[in-house]
Amino acid sequence: MLSSDLLREWELCLIGVLSGMEMMAVYDLLRIWRNLRRPHILRVNVEDVLFGVFCGLWMFLRFLHSNDGRIRWYVLFSLVLGMLLWRRSLSPLIVGGLTAVLRTLGRGLSFAGTILVKIVKFCGKPLKKGVKWFRIIFAVGFRTRDHGGTASNRQGGRSRGSEASQ
């Protein structure tokens, strides 16, 4: 039977491996984001620095909680082992697969948007004329009610002289 101290050390080692895998999974999300957009060297460097700071704080808090803040070298090695395991096993599948799926989805949405714009442009011209006629008829209808006046005003036909005097 293993002692409780030895079991605790193995548990810390397993936590290190899983933490390394988690860090690489989060970094894969960053890599997928970069694959979908055109990377700029300054932005990539800033993202990497922020990611490093975030991971450093995350690991510090995790080890502070699980090991009372004591640094054990085997835990750091297990962290690196977890990162390597993730990078060599699931990372290429996830990054390649999700990038392909998201690009296809983006192209499909772009194509649908292009078709929608063409439909709106095609239907927009006749609708614009219809709206214009509707506004004219609607405005004339209100003018006859608001102004009252002569029969020619009620029919919507004003003379040039009456428009100039207003």
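Values in this document were obtained by computation on a predicted structure and should not be read as measured data.

1. Comments concerning a nonpolar patch on the surface
A surface patch of nonpolar side chains, amounting to about 710 Å² of accessible area, comprises Leu36, Leu90, Leu93, Ile94, Leu98, Leu102, Leu105 and Leu109. When residues of the nonpolar patch are assigned to their parent elements, the largest contribution, six residues, is made by helix α4 (residues 91-147). In this fold, Leu105 is placed in helix α4.

2. Regarding the environment of Phe51
By secondary structure assignment, the location of Phe51 is in helix α2 (residues 41-67). Judged by its relative accessible area of 16%, Phe51 is buried. Phe51 sits 25 residues away from Val26 along the chain, and the two C-alpha atoms are 9.1 Å apart. Setting aside residues up to four positions removed in sequence, Phe51 forms contacts with Met23, Val26, Tyr27 and Leu30.

3. What to know about the nonpolar core
Of all hydrophobic cores here, the largest spans 10 residues; its members are Leu12, Met23, Tyr27, Leu30, Phe51, Cys55, Met59, Phe63, Val75 and Leu79. Secondary-structure elements contributing two or more residues to this core are α1 (4-36), α2 and α3 (73-89).

4. Brief notes about the packing of aromatic side chains
Any aromatic ring pair is given by two values, namely how distant the centres are and how the planes are angled relative to each other. By the definition in use, this model includes two aromatic pairs. Between Tyr27 and Phe51, the aromatic rings sit 5.0 Å apart at their centres with planes inclined by 50 degrees, giving tilted as the arrangement. On the criterion of sequence distance, the pair formed by Tyr27 in helix α1 and Phe51 in helix α2 is long-range, its members being 24 residues apart. Grouping residues by exposure puts Tyr27 and Phe51 together as buried.

5. Let's talk about α3
Each turn of an α-helix holds 3.6 residues, which means side chains three or four residues apart point in the same direction. If you check α3, its first and last C-alpha atoms are 24 Å apart, about what 17 residues at 1.5 Å a residue would give, namely 24 Å. Taken residue by residue, α3 has Val75, Ser78, Leu79, Gly82 and Trp86 as its buried positions. Mapping the buried residues of α3 onto a view down its axis gives an arc of 105 degrees, with all of them on the same face. Within α3, the exposed residues directed more than 90 degrees away from the buried face are Trp73, Phe77 and Arg88.

Calculation notes
Each chain has its residues counted from 1, following the order in which its sequence is written. Per-residue local features are limited, in this predicted model, to residues with pLDDT of at least 70; the limit for side-chain atom pairs, both in listing and counting, is 80 or more; totals at the level of whole chains, interfaces and linings are taken over all residues. Side-chain descriptors were evaluated using all non-hydrogen atoms of the structure, hydrogens and water having been removed beforehand. Exposure above 30% relative accessible area and the absence of a salt bridge qualify a residue for a patch, where like charges join within 9 Å and nonpolar side chains (Val, Leu, Ile, Met, Phe, Trp, Tyr) within 5 Å. Methods summary: accessible areas were calculated by the Shrake-Rupley approach with a probe of 1.4 Å, and residue burial reflects only the protein chains presented. In what follows, salt bridge is the name for a side-chain nitrogen of Lys or Arg lying within 4 Å of a carboxyl oxygen of Asp or Glu. Counting from the N terminus, the helices are DSSP H or I runs at least four residues long and the strands are E runs at least two residues long. Accessible area is worked out with a 1.4 Å probe on protein chains only. A residue is then buried under 20% of its type maximum, exposed over 50%, and partly exposed in between. Residue contacts follow a heavy-atom distance rule, with two residues in contact if any of their heavy atoms lie within 4.5 Å. We define a nonpolar core as any set of buried Ala, Val, Leu, Ile, Met, Phe, Trp, Tyr and Cys residues linked to one another through side-chain atoms lying within 4.5 Å. Any Phe, Tyr or Trp ring, taking Trp's six-membered ring, that has another such ring centre within 6.5 Å forms a pair; planes under 30 degrees apart are called stacked, those over 60 apart edge-to-face, and the others tilted. Every helix has an expected span of 1.5 Å times one less than the residues it contains. Working note: the arc is built from the helix axis to C-beta atom directions.

Keep in mind these values describe shape, not function.
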